[in-house]
Amino acid sequence: MSDSHLPFLNAAWANPGRIGLVSGGANTRYCDLLAVSERVAHYLLRGRSDLREARIVLLAPPGFAYVAAHWGIWRAGGVVVPLALAHPVPELTSLIADADPELVLVHPYTERQGIPAAEACGVPWADVVDTLMGPPGTRLSDLLAPMPNAPPLPAIAESRDAHIIYTSGTTGKPKGVVTTHAATRHQVESVARAWKITRDDRVLNALPLHHVHGIVNALLCPLWQGASVEVLPRFDPVAIWESLSNLRVTIFMGVPTMYVRLIRALGSMPYQRKEVAAWSAGDLRLTISGSDALPASVRERWQRITGKDIVERYGLTETGMVLTNPPNGAGVAGHVGNPFPSVQVRLRSDGGGEARPGEEGCIEVRGPGLFREYWRRPEETAAAFRDGWFDTGDRAVRGEHGYRILGRESVDIIKTGGEKVSALEIENVLRQHYRVTDCAVVGIPDDEWGEQVSAAVVLTGEEPATAELRQWVKRHLAGYKAPARYMVVDELPRNSMGKLLKSQVRDLFLQTA
Ligand code: MCA
Ligand code: AMP
């Protein structure tokens, strides 16, 4: 086998016989991941020596095929563009057009939406299982056979791009966040150092694999250390409790909604299974929550049930991980602790200078793990930085227990189930419905989802159309973006200049809750 000199492979080369991945009940050794990803790389190269940062869209559920394809794209010199399984065809088409890839890798599970979207963009597609893993019935031993005449894989400079990960912003359409191999390595090393992740760890990953949380923290970081990762194809609380009960899992990472669901699922289990499950969760070395604020009540309930603390941390797609409570459980509820190694954080006060301890400000971040640019958006990239510091748009205050997140500067950014959603993107889709003459989308606090996407609409015609509106949005955007709550109003609150007053729209929902 040839070595493509990427540091993320070092642990794989050093631990060939160890289990790297557990998926679908099958254990995969590091040497098997290396062998299959090498085949993937040669398939993608088709005789070329280097993909030279060509983008390859990866639209596959978490599992062996996803990981082999991810490694293969990197080893061939390509940029991985992971897209969400939840996107319907129009949204996928728009993301694929934006990424401008040379190939879309679909999977039997994603073909229905992936193929029409790729074809609408005129981009070739391939089935990651049939084409790269061999037709049904192909034996693993064939895939793992040496490729004696294969040319060497390219050497990849760390300054080259590794990922484009899409995230929503205040400007409507999602933006592609471009991260280099060097930045990804810094993100991984920073997480591994802060949480002391070693090859003896076993991480249970039930996160979607199109976000930094699922990809960098819960997949690449453990694989980089030579640890093993069990990936689940989707979040299923019962399957998670089973994995925790049956396997020697040491680390679990999730968004707050997942902990709410896990606690609820435990409540409906038979008594004996409940005891085993709670006992296994208490056996975890590390339980991490991030991507949204962890309610103190959820943390307390988890602690009561399992006897173990949830460690809360804070991060962004553009920066990787930024702040964390100590992994020994010494964090204080409502706080997200202090900066990760090699990450610099400061609070910009409303007056413009640096905020003093106890004074509110906007979080700014600097460090080697930051993204390089928003894909093909130079103006938005420039606007995101102030004197070399990235402006997160999140407000916080710093005290003796570290940072406490207070909320976001923009009312147009909503976090629901750990997913960042742009109110403007949803409003644009709602406005295209023939019954909608005006609308305002806001996030309303919710115990399960953090915030629930909610829409106030002005409609033409007599009959209410809210079920129809939800279907309309789901035809165009991922289901989690479709407002769950609607309010039909005669007009929306606006100031004398005609500007929409979103805080008043939120109040309308809160008054009717
Ligand atoms: C799904 N539904 C929702 C939401 N999501 N309704 C309201 N709000 C939502 N957020 C609806 C669906 O439309 C569907 O309705 C029904 O609920 C079930 O949908 P399903 O997709 O099956 O839900 P789920 O699988 O239970 O998903 C919940 C989830 C998921 C597991 C919490 O949202 C999730 O995986 N979240 C994690 C996201 C994440 O990894 N974020 C990290 C990004 P219907 O039946 O009517 O169709 S942030 C990041 O990476 C930074 C770096 C960081 O700090 O971590
Ligand atoms: P994303 O753009 O999807 O990467 O989401 C990043 C955003 O998630 C941040 O800007 C915060 O608003 C939010 N976030 C992440 N972690 C936390 C946390 N622990 N508490 C509150 N908000 C968080």
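Computed from a predicted model, the values in this text were never measured in an experiment.

Caption draft 1: Region of the structure containing the site of ligand 1. Neighbouring ligand 1 are 26 residues; Arg261, Ser291, Arg313, Thr416 and Lys474 lie closest to it. In this structure, Gly417 approaches ligand 1 through a main-chain N or O atom, which is 2.8 Å from a nitrogen atom. Contact with the protein chains removes 76% of the 1100 Å² of surface that ligand 1 exposes when unbound. Of all the secondary structure elements, the ones that give two or more residues to the shell around ligand 1 are helix 9 (212-225), helix 11 (256-267), strand 13 (311-316), strand 22 (413-416) and helix 16 (466-476). In the shell around ligand 1, the residues fall into 10 nonpolar, 10 polar and 6 charged.

Caption draft 2: Structural detail: the packing of helix 15 (residues 423-431) against helix 16. Close contact between helix 15 and helix 16 brings their axes to 10 Å; oriented N to C, the two are set at 115°. Note on packing geometry: the crossing formed by helix 15 with helix 16 is right-handed. Along the contact surface, helix 15 presents Ile426, Val429 and Leu430, while helix 16 presents Leu469, Trp472, Val473 and His476. Considering only residue class, the contact of helix 15 with helix 16 consists of 6 nonpolar, 1 polar and no charged.

Caption draft 3: Quick look at the layout of surface pockets. In this structure, the second largest pocket occupies an estimated 230 Å³ of space. Contributions of two or more residues to the lining of the second largest pocket are made by helix 4 (89-99) and helix 15. Of the residues in the lining of the second largest pocket, the class split is 4 nonpolar, 5 polar and 3 charged.

Caption draft 4: Region of the structure containing the site of ligand 2. Near ligand 2 you find 15 residues, and of these Arg313, Thr317, Asp394, Lys415 and Lys420 are the closest. Thr167 is positioned with one of its side-chain polar atoms (N or O) 3.1 Å from an oxygen atom of ligand 2. For ligand 2, an oxygen atom lies 2.8 Å from a polar atom in the side chain of Lys415. Among the elements that take part in the shell around ligand 2, strand 13 stands out by supplying 5 residues, more than any other. Per-class residue counts for the shell around ligand 2 are 4 nonpolar, 4 polar and 7 charged.

Caption draft 5: Local environment of the pattern of salt bridges. A complete count under the given rule lists 34 salt bridges for this structure. One salt bridge connects Arg285 with Asp201, and the closest N-O pair in it is separated by 2.9 Å. Taken as a pair, Arg285 in the loop between helix 12 (271-282) and strand 12 (286-289) and Asp201 in the loop between helix 8 (181-195) and strand 9 (202-205) lie far apart in primary sequence, 84 residues in all. Look at Asp201 and you get buried, because its relative accessible area is 3%. The partner of Glu427 in a salt bridge is Lys502, with the nearest N and O atoms 2.5 Å apart. With Glu427 in helix 15 and Lys502 in helix 17 (residues 502-512), this residue pair connects regions lying 75 residues apart in the sequence. Residues joined by salt bridges that share partners form a network here, namely Arg346, Arg348, Glu364, Arg386 and Asp391.

Caption draft 6: Representation of empty space enclosed by the protein in the model. Here the structure, examined in full by the defined rule, presents 3 cavities of 30 Å³ or more. By volume, the largest cavity is sized at about 80 Å³. If you go around the largest cavity, you meet 14 residues; those closest to its centre are Gln187, Thr319, Met321, Val343 and Gly369. When residues in the lining of the largest cavity are grouped by element, the largest group, 3 residues, is from helix 8.

Criteria and thresholds
Residues numbered from 1 in each chain as written. Chains lettered and ligands numbered in written order. Predicted model: local features only at pLDDT ≥ 70, side-chain atom pairs only at ≥ 80, totals over all residues. Heavy atoms only, no water. Near = heavy atom within 4 Å. Polar contact = N/O pair within 3.5 Å; in protein donor to acceptor, adjacent residues only side chain to side chain. Areas by Shrake-Rupley, 256 points an atom, 1.4 Å probe, with all protein chains shown as cover. Helix = DSSP H or I, 4+ residues; strand = E, 2+ residues; numbered from the N terminus. Nonpolar A, V, L, I, M, F, W, Y, C, P; charged D, E, K, R; others polar. Axes fitted to C-alpha atoms, helices over the stretch in contact; angles between N-to-C directions. Left-handed = near helix turned anticlockwise from the far one by under 90°. Contact = heavy atoms within 4.5 Å. 1 Å grid on protein atoms, 1.4 Å probe; cavity = no way out; pocket = protein on both sides within 12 Å on 5 of 7 lines; lining within 4 Å. Points joined across faces, edges and corners; volume = space filled by probe spheres on them. Salt bridge = Lys/Arg side-chain N within 4 Å of Asp/Glu carboxyl O. Buried < 20%, exposed > 50% of the residue type's maximum accessible area, 1.4 Å probe, protein only.

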